[in-house]
Amino acid sequence: MTISYRPWQEGDEVAARERFGEPDTPQSALDRPLLGPDAPDPWRRCLVALDGDQVVAAGAVSEARLHPTRLWLYVEVAPTHRRQGIATQLVRRLRQEAAPSAVTALRSRYTTENPAAAAFARALGMQPIQRTRIARIEAGGLPEPMFGPAGPVLEDLATGSVELTKLVAAYYDRVHASWDPAEMTLGRAQDLLLAPQTGAHGAVVLRDRAGGLGGSVLAFAISYPAATEEDDAAPRRDTELLLGYDTELAPARARAAVRQLLAMVTARYPVLLEVDDAMAPVSDVVDALLGEELAQVVTESTLVALDEGA
């Protein structure tokens, strides 16, 4: 077997899809689009491995405007050519590419049902930096909280509102600060999380008292459509949530606010909630719901990094 390497070319997407098959994990489905032609903004380099004239593997690194301290890395190898050192060679060659930012640190991720990817990350020297889970909370499982006249209160908020945009940007930066620093500007918060093209179709906030009385937001939830299929004849529509809280709150108060808001949102509809361990109050609430059998983990992923000089 003689393996050669070259940049991604037009038509490789068809060849790669044929050789790789369908994505075998949820994260592969999300990350495979990173494979593609070289791009200047954001900068991306993609290489393919050939056995003769057949594409058998591909890998890419890309700058990320939102998380600029590391490049995203994604590598995929056809089942017929795994465990032959091809992925390692792709990563070695990709690390020789010079990003305009001069960043060389890498980040990647894998799901718990993919032990081969975990072993490959360890072999590269990548270290875990975060656990993230997608949990499903069934409709009507949590008792709805009883709010008194003095508060707290639940209010709708337009996804385009300045108040919500500031809340989301500050929250995102704060919960990523210790492990994958972000630069979430107000414009990026709108473009990536709140604009109509993101699918955001509603937002609610829990305030300590009515907004008209100067109430402060304790927690917020933004909803997006997420389709799952129960069977071919009866597709089931869930709602995907971005759930956050005021990071200045004491942990116990933040947990209470998150649970109260989640109970209201799930009163009639099931939701899918993505949560990092860094979002401690949300993660704690999810752990409690799992223990009460009011939630189930759909998928769990580990984010890994190989930092400068490694």
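Quick note: structure is the one above.
Residue indices begin from 1 for each chain and proceed along its sequence in written order. The predicted origin of the model limits local features to residues at a pLDDT of at least 70 and limits the giving and counting of side-chain atom pairs to 80 or more, whereas totals for whole chains, interfaces and linings rest on all residues. For side-chain calculations, the full set of non-hydrogen atoms in the structure is used, while hydrogens and water are omitted.

Turning our eyes to something else, we now look at helix α3 (residues 86-94). Every buried residue of α3 is accounted for by I86, A87, L90, V91 and L94. For α3, the angular spread of the buried residues around the axis is 140 degrees, confining them to a single face. In what follows, residue pairs with any heavy atoms lying within 4.5 Å of each other are defined as contacts. Each helix is a run of DSSP H or I of at least 4 residues and each strand a run of E of at least 2, with the numbering of both proceeding from the N terminus. Buried residues along α3 sit in contact with β1 (3-7), β3 (43-51), β4 (54-62), β5 (71-77) and α4 (115-124). For the exposure calls, accessible area comes from a 1.4 Å probe over protein chains only, and a residue counts as buried if that area is under 20% of its type's maximum, exposed if over 50%, partly exposed in between. When we speak of the arc, we mean the arc of directions from the helix axis to the C-beta atoms.

Let's shift gears to the packing of aromatic side chains. The aromatic pairing rule takes the rings of Phe, Tyr and Trp, using the six-membered ring of Trp, and pairs them if the centres are within 6.5 Å, calling planes under 30 degrees apart stacked, those over 60 edge-to-face and the rest tilted. Overall, the coordinates contain 2 aromatic pairs when judged by the stated rule. For the ring pair Y171 and F220, a centre distance of 5.5 Å and an interplane angle of 90 degrees mean the geometry is edge-to-face. Pair noted here: Y171 is in helix α5 (residues 162-176) and F220 is in strand β10 (residues 217-229), with a separation of 49 residues, a long-range link. The pair formed by Y171 and F220 is uniform in burial state, with each residue classed as buried. Between the aromatic rings of Y171 and Y245, the centroid separation amounts to 5.1 Å while the plane-to-plane angle is 75 degrees, which identifies the pairing as edge-to-face. Of this pair, Y171 sits in helix α5 while Y245 sits in strand β11 (residues 235-245), and the two are 74 residues apart along the sequence.

Right, let's talk about unusual backbone geometry for a bit. A negative phi holds for most residues other than glycine; trans holds for most peptide bonds. The amide bond that connects D41 to the next residue, P42, takes the cis arrangement and shows omega of 0 degrees. By the secondary structure assignment, P42 is in the loop between β2 (39-40) and β3. The backbone of R83 sits at a positive phi, close to 65 degrees, despite the residue not being glycine. Residue position: R83 is located in the loop between β5 and α3. Of note in the backbone geometry, E293 takes a positive phi value of approximately 60 degrees without being a glycine. Mapping E293 onto the fold places it in the loop between α8 (280-291) and β13 (295-306). Residue classification places E293 among the exposed residues on the basis of a relative accessible area of 73%.

The analysis is restricted to geometry; functional conclusions fall outside its scope.
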